[in-house]
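Architecture at a glance
Listed below are the residues making up each chain.
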Amino acid sequence: MSQRVLTTESGAPVADNQNSATAGVGGPLLLQDQHLLEKLARFNRERIPERVVHARGSGAYGHFEVTDDVTAYTHAAFLGEIGKRTEVFARFSTVADNLGGADAVRDPRGFALKFYTEEGNYDLVGNNTPVFFIKDPLKFPDFIHSQKRDPFTGKQEPDNVWDFWAHAPEATHQVTWLMGDRGIPASYRHMNGYGSHTYQWTNAAGDAFFVKYHFKTNQGIRCLSTEQAQELAGKDPNSHQTDLLQAIERGVHPSWTLYAQIMPAADAAEYRFNPFDLTKVWPHRDYPLQRVGRLVLDRNPDNVFAEVEQAAFSPNNFVPGIGPSADKMLQGRLFAYADAHRYRLGVNHTQLAVNAPRATTADNYGRDGLMAANSQGRYAKNYEPNSYDGPAETGRPLAAPLSVTGHTGTHAAPQHTKDDDFYQAGELYRLMSEEEKRRLVANIAGGLAQVSRDDVIEKNLAHFHAADPEYGRRVREAVEALRED
């Protein structure tokens, strides 16, 4: 086979890729050396703005196969029959650190899936925890600022982290998850994934249900202690990336079983917890897990930048039969995620191979903008309605309408009978074994004892005490012991 010819980006052959053009032997470089200038200019532009959150990530391709009939609850085509397979791209990530951060850190993990369905791409953006720190998107920028690098010191500050949590009592449930044994997964393969938010399913008859997604790892849960994680992060900062890449390359394909909790829409108003509160779970005894299907990852990306860094997930990418709920955090993310990708990747990021539909074709009137590749020919119009056989609306909504009442305003979330910021955190604590409680208390105290202000410490201790008196007492004693040393 003949040797391929190296060319410039315009396709011209390159005569010499080892030596720059100079004014004579040993002379200065020439501005006319187009190949040199092109290489240096491209190199300067090889990086794009990293994600503000979920910057450090890994990804893989695979498929989702339906194993159980859920057509009574949703008419989504990719869930329409047992045995049906849909191609999937998954991205796992840490949340708070930068692109160069270590994998083995105490942090929630992103669990994002893109289903390439015949009705368009369906994006499910979740975490490895079923809850989150806050329940209103207005607080999200402040929360992330408190967890990221301080503007003055340039590093994460315990004072900032715990000061925000002191003023956000609803974070107590997620803090208990994060500081517990599952706060540092041993790998992406050995953790569960959750949709976290509440979503809506609608069946063919138009009946609406609210759902929560649970992806249970078939590899089993494996986690790291703080000490193990610190050692691993020092030895291999890319530990989770290494594990996922090598497992798939040697034919060990990780898988998860998808279960759904399904609530008839009529139950929501009278349920004892606000079903749209991201800081709450639905106890399984109220809404048992119902098996849906199996997710398998079996192919690594060929190029991490093109397929993992440029992968764009947005929870507003729904398909018929699936829609949003009144979850305020979800509602905020319907805008924020897509907008983040428009900033990072450009308005035409959906035309990139990893983001474009695969089982259908995007057909709309979007044109132009940076890196536009959808001219659609001279006769295609960029407005609607038109008389030229352009794509037209279906008149069929993707999901059932959400009922709304009352006056506009900056309302607090409605209170249900068991709604408070501490009850479920206490329930989680009481489920733990004695050894799990001991490690949880040690992890919390290790961070809280570094806080410089006594009032911030006291506010946080009050949250743990409100969740469970024993919980609060043990954290207080541990913090006091560390501060006396």
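Now for a quick tour of the structure. (Residues numbered from 1 in each chain as written. Predicted model: local features only at pLDDT ≥ 70, side-chain atom pairs only at ≥ 80, totals over all residues. Heavy atoms only, no water.)

Concerning the overall build of the protein
Looking only at helices and strands, the protein features 12 helices and 10 strands. Against the 2.2 N^0.38 benchmark of 23 Å for 485 residues, the protein shows a C-alpha radius of gyration of 25 Å, consistent with a compact globule. C-alpha atoms of the protein, sized along the principal axes, occupy 80 × 65 × 50 Å. In the protein, once contacts between residues fewer than 6 apart in sequence are set aside, the share between residues at least 24 apart is 74%. Only carbon and sulfur atoms are counted for the fraction: they give 53% of the accessible area of the protein, which is about 24700 Å². Computed over 51 positive and 62 negative side-chain charges, the separation of the two mean positions in the protein equals 2 Å. (Helix = DSSP H or I, 4+ residues; strand = E, 2+ residues; numbered from the N terminus. Rg over C-alpha atoms; globule rule 2.2 N^0.38 Å. Contact = heavy atoms within 4.5 Å. Areas by Shrake-Rupley, 256 points an atom, 1.4 Å probe, with all protein chains shown as cover. Lys, Arg positive; Asp, Glu negative; His and termini not counted. Charge placed at Lys NZ, Arg CZ, Asp CG, Glu CD.)

Examining the pairing of strand β4 (residues 120-127)
The buried fraction of β4 is high, at eight of eight residues. By the bridge criterion, eight bridges tie strand β3 (residues 109-117) to β4 in an arrangement that is antiparallel. Residue Gly110 lies in a different strand from β4, and its bridge partner there is Asn127. Connecting β3 to the next strand, β4, in antiparallel fashion are two residues. (Buried < 20%, exposed > 50% of the residue type's maximum accessible area, 1.4 Å probe, protein only. Pairing = 2+ DSSP bridges.)

Observations concerning the nonpolar core
For soluble globular proteins, the rule of thumb is that nonpolar side chains tend to be buried together. The biggest cluster of nonpolar side chains holds 43 residues, and the ones touching the most others in it are Phe133, Trp162, Trp165, Leu448 and Val475. Of all the elements in the fold, those that place two or more residues in this core are α2 (140-147), α3 (158-166), α4 (172-179), α9 (423-431), α10 (434-448), α11 (454-467) and α12 (469-484). In contact with Leu448, other than residues within four places in its own chain, are Trp162, Ile457, Asn460, Leu461, Phe464, Val475 and Val479. One finds Phe78, Phe92, Phe115 and Val319 within the second-largest nonpolar core, a separate group that totals 37 residues. (Core = buried A, V, L, I, M, F, W, Y, C linked by side-chain atoms within 4.5 Å.)

Some thoughts on the side chain of Asn443
Mapped onto the fold, Asn443 is located in helix α10. At 3.5 Å, the side chain of Asn443 and the side chain of Arg106 are in polar contact. Contact partners of Asn443, with chain neighbours within four places excluded, come to Arg106, Met179, Gly180 and Thr226. (Polar contact = N/O pair within 3.5 Å; in protein donor to acceptor, adjacent residues only side chain to side chain.)

With respect to helix α1 (residues 34-44)
Residues three or four positions apart in an α-helix share a direction because the helix packs 3.6 residues into each turn. Along α1, the residues classified as buried are His35, Leu36 and Glu38. Considered in projection along α1, the buried side chains sweep an arc of 165° and stay on one side of the axis. (Arc of directions from axis to C-beta.)

Some words on unusual backbone geometry
At the junction of Glu384 and Pro385, the peptide bond is cis and its omega measures out at 5° in the coordinates. Position of Pro385 among the secondary structure elements: in the loop between α8 (328-345) and α9. Of note, the phi angle at Asp368 is positive, near 65°, even though the residue is not glycine. Here Asp368 lies in the loop between α8 and α9. By relative accessible area, which is 55% here, Asp368 ends up exposed.

Observations concerning the pattern of salt bridges
Applying the stated criterion across every chain yields a total of 33 salt bridges. Across the pair Arg299 and Glu87 runs a salt bridge whose closest N-O atoms are separated by 3.7 Å. Placement of the pair is Arg299 in strand β9 (residues 290-299) and Glu87 in strand β2 (residues 85-94), with a sequence separation of 212 residues. Overall, the relative accessible area of 34% leaves Arg299 in the partly exposed class. Connected through shared salt-bridge partners, Lys135, Asp277, Lys280 and Asp421 make up one network. (Salt bridge = Lys/Arg side-chain N within 4 Å of Asp/Glu carboxyl O.)

With respect to the packing of aromatic side chains
A complete count under the given rule lists 32 aromatic pairs for this structure. Taking the centre distance of 5.1 Å and the plane angle of 45° together, the rings of Phe464 and Tyr471 count as tilted. The pair formed by Phe464 and Tyr471 is uniform in burial state, with each residue classed as buried. Stacked on the ring of Phe313, the Lys or Arg Lys114 has its end atom at 5.1 Å from the ring centre. Above the plane of the ring of Tyr116 lies Arg358, whose end atom (NZ or CZ) is 4.6 Å from the centre. (Phe/Tyr/Trp six-rings, centres within 6.5 Å; stacked < 30°, edge-to-face > 60°. Lys NZ or Arg CZ within 6 Å of the ring centre and 35° of its normal.)

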